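Residues per chain are reported as follows:
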Amino acid sequence: MRPDAFKRAAAAARSGLRRYPRHLWQSLRDAAAPPLSAPHILSRIQQATGAVDPFTLGGHISAVWIGHATVLLRVAGVTILTDPVFAHRIGVSIGRRTFGVSRLTPPPLDVQDLPPIDVILISHAHFDHLDRPSLRRLADPRTTVVTARRTGRLIPPGFREVVELDWDASLSVAGLEVTAWRPSHWGARTALDRARGFNSYVVTTPLVLTDTSSHPSYNVLFAGDTAHTDTLDSARPIDLAIFGIGAYDPWDHAHATPEQAWDMFSRVARDESSRMLPIHHSTFELSDEHADEPMRRLLNAARDQHDSIVCREPGLIWTR
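Notes on the structure follow. (Residues numbered from 1 in each chain as written. Predicted model: local features only at pLDDT ≥ 70, side-chain atom pairs only at ≥ 80, totals over all residues. Heavy atoms only, no water.)

## Things to note about the environment of S287
Residue position: S287 is located in the loop between strand 16 (275-279) and helix 6 (293-302). By relative accessible area, S287 is classed as buried at 8%. Along the sequence, S287 and Y248 sit 39 residues apart, while their C-alpha atoms lie 6.8 Å from each other. Looking at S287, its side chain comes within polar contact range of the side chain of E289, at 2.8 Å. (Helix = DSSP H or I, 4+ residues; strand = E, 2+ residues; numbered from the N terminus. Buried < 20%, exposed > 50% of the residue type's maximum accessible area, 1.4 Å probe, protein only. Polar contact = N/O pair within 3.5 Å; in protein donor to acceptor, adjacent residues only side chain to side chain.)

Dropping the structure here:
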């Protein structure tokens with residue numbers, strides 16, 4: 001093992017020992033997963049806008065950050081859900097009990113609050129991104145699941161279809177084009193299955209025509225998990241970029257720091273109208289940084305462009 005790899009492994013082991021024994025003990029003490037008492041945001045949105053459904057607000061793109069890497073998107077009339085995790089805990093499930101890390105706060109929306117989902121995007125097989133209990137609750141014969149190489153068998157039954165995409169491959173689904181890109185990460189479900197894939201995705205709308213102008217397309221990037229990389233640069237131009245900004249201490253070789261995420265966003269943005277939606281922070285205790293540190297550092301990095309950062313808290317809606 002190279003010295004730098006040994007240092008990373010030792011730091012990760014120390015970090016895990018500070019956290020995982022406590023969460024596992026709590027898992028054993030829980031008689032069952034506690035009910036989710038999510039604050040209901042739909043009534044607040046309805047009161048503010050008069051809309052029955054937040055996704056009738058109009059525009060070409062709408063987004064709600066639900067927590068961690070879970071984002072509810074409406075793109076050109078198609079409803080998309082990324083890496084859905086609604087469970088109280090993530091980890092190994094035995095029967096109805098899950099042994100692992102608990103949420104810091106409940107999600108602002110639960111499965112029953114969601115509109116019908118057309119497409120689910122799964123970036124990779126890690127437990128905090130591919131949560132089988134949540135997917136079982138979402139199973140619907142109208143829904144297509146797009147996932148990474150050698151992860152399709154992990155998806156519970158009940159969906160319309162499950163499609164594995166390799167890097168650079170594209171799929172036409174519900175009138176949109178979904179293309180898989182290569183992030184800087186890894187895809188193992190356990191220590192013994194390193195051959196699983198790991199994806200970022202770009203969702204592209206058809207040509208948008210209006211009475212007065214045309215727009216070639218709208219592009220949404222869901223980066224999933226990635227360290228700092230230039231492999232996504234060619235995905236430009238991006239109108240909405242969803243980047244992880246947390247779990248970097250001591251995992252910055254696998255998860256970008258807030259400053260690195262801002263740099264990657266700046267390189268793929270279409271222009272000053274592009275927006276960044278930060279994810280993968282303040283939902284699960286997966287690393288050593290304080291829960292509010294990633295957002296503070298991101299806003300610092302953005303400086304006078306901080307208005308480009310949307311959905312800074314779970315439950316907030318952004319639309320264009």
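## Looking at the sheet that holds strand 17 (residues 317-319)
Pairing in this open sheet of 7 strands is mixed, and the strands run 8-7-6-3-2-1-17 from one edge to the other. Looking at strand neighbours, the two that pair on one side only are strand 8 (161-165) and strand 17, the edges of this open sheet. Along the sheet, successive strands turn relative to each other by an average axial angle of 20 degrees, direction set aside. With 3 bridges joining them, strand 3 (residues 78-82) and strand 6 (residues 119-121) adopt parallel strand pairing. Looking across to strand 6, one finds that L81 is bridged to I120. (Pairing = 2+ DSSP bridges. Axes fitted to C-alpha atoms, helices over the stretch in contact; angles between N-to-C directions.)

## So, empty space enclosed by the protein
For the structure on display, the rule yields 1 cavity of 30 Å³ or more. Estimates place the volume of the largest cavity at around 40 Å³. Along the walls of the largest cavity sit G224, D225, T226, G244, I245, G246, H255, A256 and H280, which together make up its complete lining. Class assignment of the residues belonging to the lining of the largest cavity gives a composition of 2 nonpolar, 6 polar and 1 charged. (1 Å grid on protein atoms, 1.4 Å probe; cavity = no way out; pocket = protein on both sides within 12 Å on 5 of 7 lines; lining within 4 Å. Points joined across faces, edges and corners; volume = space filled by probe spheres on them. Nonpolar A, V, L, I, M, F, W, Y, C, P; charged D, E, K, R; others polar.)

## Comments concerning the sheet that holds strand 14 (residues 219-222)
Ordered in space as 9-10-11-14-15-16, the 6 strands form an open sheet in which the pairing is mixed. Single-partner strands in this sheet number two, and they are strand 9 (170-173) and strand 16. Here the strands of the sheet are splayed against their neighbours by 20 degrees on average, with no regard to which way each runs. As defined by bridge partners, strand 9 adjoins strand 10 (residues 176-181) across 4 bridges and the pair is classed as antiparallel. The partner of S172 across the bridge, within strand 10, is E177. In the packing of helix 5 (residues 258-268) onto the sheet, the strands contacted are strand 14, strand 15 (240-244) and strand 16, and the crossing angle to strand 15 comes to about 160 degrees. (Contact = heavy atoms within 4.5 Å.)

## A few points about the pairing of strand 15
Of all 5 residues making up strand 15, 5 are buried, and the element is well covered by its neighbours. The side-chain alternation of strand 15 yields two buried faces, one formed by L240, I242 and G244 and the other by A241 and F243. Two elements, strand 14 and strand 15, share 3 bridges in a ladder whose sense is parallel. Across the sheet, F222 pairs through a bridge with I242, a residue of strand 15. As judged from the 5 bridges shared by strand 15 and strand 16, these two strands associate in the parallel manner. Note that in strand 16 the partner of A241 across the bridge is M276. Considered for its hand, the β-α-β crossover made up of strand 15, helix 5 and strand 16 is right-handed. (Right-handed = clockwise from strand over helix to strand, strands pointing away.)

## Notes on the packing of helix 5 against helix 6
One way to put it is that helix 5 packs onto helix 6 with a least axis distance of 8 Å and a crossing angle of 45 degrees. Accordingly, the angle class assigned to the pair helix 5 and helix 6 is oblique. Between helix 5 and helix 6 lies a crossing whose hand is right-handed. Residue-level contacts link P258, E259 and W262 of helix 5 to P294, R297, L298, A301 and A302 of helix 6. (Parallel < 35°, antiparallel > 145°, perpendicular 65-115°, else oblique. Left-handed = near helix turned anticlockwise from the far one by under 90°.)

## Some thoughts on the pattern of salt bridges
Within the structure shown, the criterion is met by 10 salt bridges. A salt bridge links D140 to R142; the nearest nitrogen and oxygen atoms lie 2.7 Å apart. Residue R142 is classed as exposed on the basis of its relative accessible area, which comes to 52%. In this structure, R149 and D166 form a salt bridge, with 3.7 Å as the shortest nitrogen-oxygen distance. Here D166 lies in the loop between strand 8 and strand 9 and R149 lies in the loop between strand 7 (144-148) and strand 8, a separation of 17 residues in the sequence. The partly exposed category is assigned to R149, whose relative accessible area is 31%. (Salt bridge = Lys/Arg side-chain N within 4 Å of Asp/Glu carboxyl O.)

Honestly, it's all geometry; don't read function into it.
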